[in-house]
Amino acid sequence: MQWEVAVGLKPGVGRSRAVTWRHAIPLLTLFAGTLFAASASTAHGTDLRGGSRTKVTELISQEQRGYQESQGTYRSLHRQVDDLGRQAGRRDARVQAAQQNADRLAALSGFTPVSGRGVRVSLNDASRSRRAAGDPSPDDLVVHQQDVQAVVNALWAGGATGMQIMDQRLISTSAVRCVGNTLILQGVVYSPPFRITATGAPDRLRAALDASPEIEIYRQYVDQYGLGYTVKTLQKTTLPAYTGNATPKYATEADGADTNP
């Protein structure tokens, strides 16, 4: 005896659905098998979510190690060049004069250490305990590239004789770059707080910081959202010499340029 298992349906409807599913199930099974095969081929036998995926932090650490190694090689070669220059200078008066001129310019361009009075400016992200009420965006709570650059520009305008960010000396071609809330300088990644140290007359340096419109905007965020901003007078500080690579570039006259005023 056969029974119709189709509650609330007319006789024959359940059977038609059963026939439909009888043909659909093999097709679905074939489709699923194809997907599994494609995934296995893509993964090459590895876990697609596994530890083989390289983390960004690992890449950054790798690049930092490579940079430090290249810096060691650069300093070694730089010492060899200096030794060869001094040896040649003892034999040739022209080389000696050029070396003396280079030594004089090195002090002005940041390639020798500098000591004296100065100031240190510290910039920091807002701490959780100090963040103001309301609904600030994440960008309102961190130090940005333009904030660091505003301090650097103000200190140069205030007559700074030398400057460094964190533990690195700045020169005229140094670039301040931020990624997220981290600072990248000469291939090294720094986290806040960011410390900018400058040598020069402290009163003039402080006055330049106070007169900067960009720093005034930053200080409004300090008051509203709790960003960090401190300025400390240093009675004596020593900035190291710049040790990074420097490739000089010279302006050249374009072909056919009119030299008449």
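Structure first, text after, so check above.
Presented here is a report on the structure given in the accompanying data block. The structure presented is a predicted model; accordingly, all values stated were derived computationally and were not measured. (Residues numbered from 1 in each chain as written. Predicted model: local features only at pLDDT ≥ 70, side-chain atom pairs only at ≥ 80, totals over all residues. Heavy atoms only, no water.)

Some remarks on unusual backbone geometry
Now for step 1: Between Pro 192 and the following residue, Pro 193, the backbone shows a cis peptide bond with an omega angle of 10°.
Now for step 2: Inspection of the secondary structure assignment puts Pro 193 in the loop between β6 (188-190) and β7 (194-199).
Now for step 3: We note that Met 166 has phi near 55°; this positive angle belongs to a residue other than glycine.
Now for step 4: The residue Met 166 is located in the loop between β2 (162-165) and β3 (168-169) in this model. (Helix = DSSP H or I, 4+ residues; strand = E, 2+ residues; numbered from the N terminus.)

Some details on the sheet that holds β6
Now for step 1: Overall, antiparallel pairing links the three strands, which are arranged β4-β5-β6 in an open sheet. The open sheet terminates on both sides in strands that have one partner only, identified here as β4 (177-179) and β6. Each adjacent strand pair in this sheet contributes to an overall mean axis angle of 35°, direction not counted.
Now for step 2: Where β4 and strand β5 (residues 182-185) come together, three bridges link them in antiparallel fashion. Residue pairing for β5: Cys 178 is matched across the bridge by Leu 183. (Pairing = 2+ DSSP bridges. Axes fitted to C-alpha atoms, helices over the stretch in contact; angles between N-to-C directions.)

Side note on the pairing of β5
Now for step 1: Connecting the antiparallel pair β4 and β5 is a turn made up of two residues, with Gly 180 showing a positive phi of about 65°.
Now for step 2: Where β5 meets β6, three bridges bridge the pair, whose relative direction is antiparallel. Residue pairing for β6: Leu 185 is matched across the bridge by Val 188.
Now for step 3: Between β5 and β6, which pair antiparallel one after the other, the connecting turn spans two residues, and Gln 186 there sits at a positive phi close to 55°.

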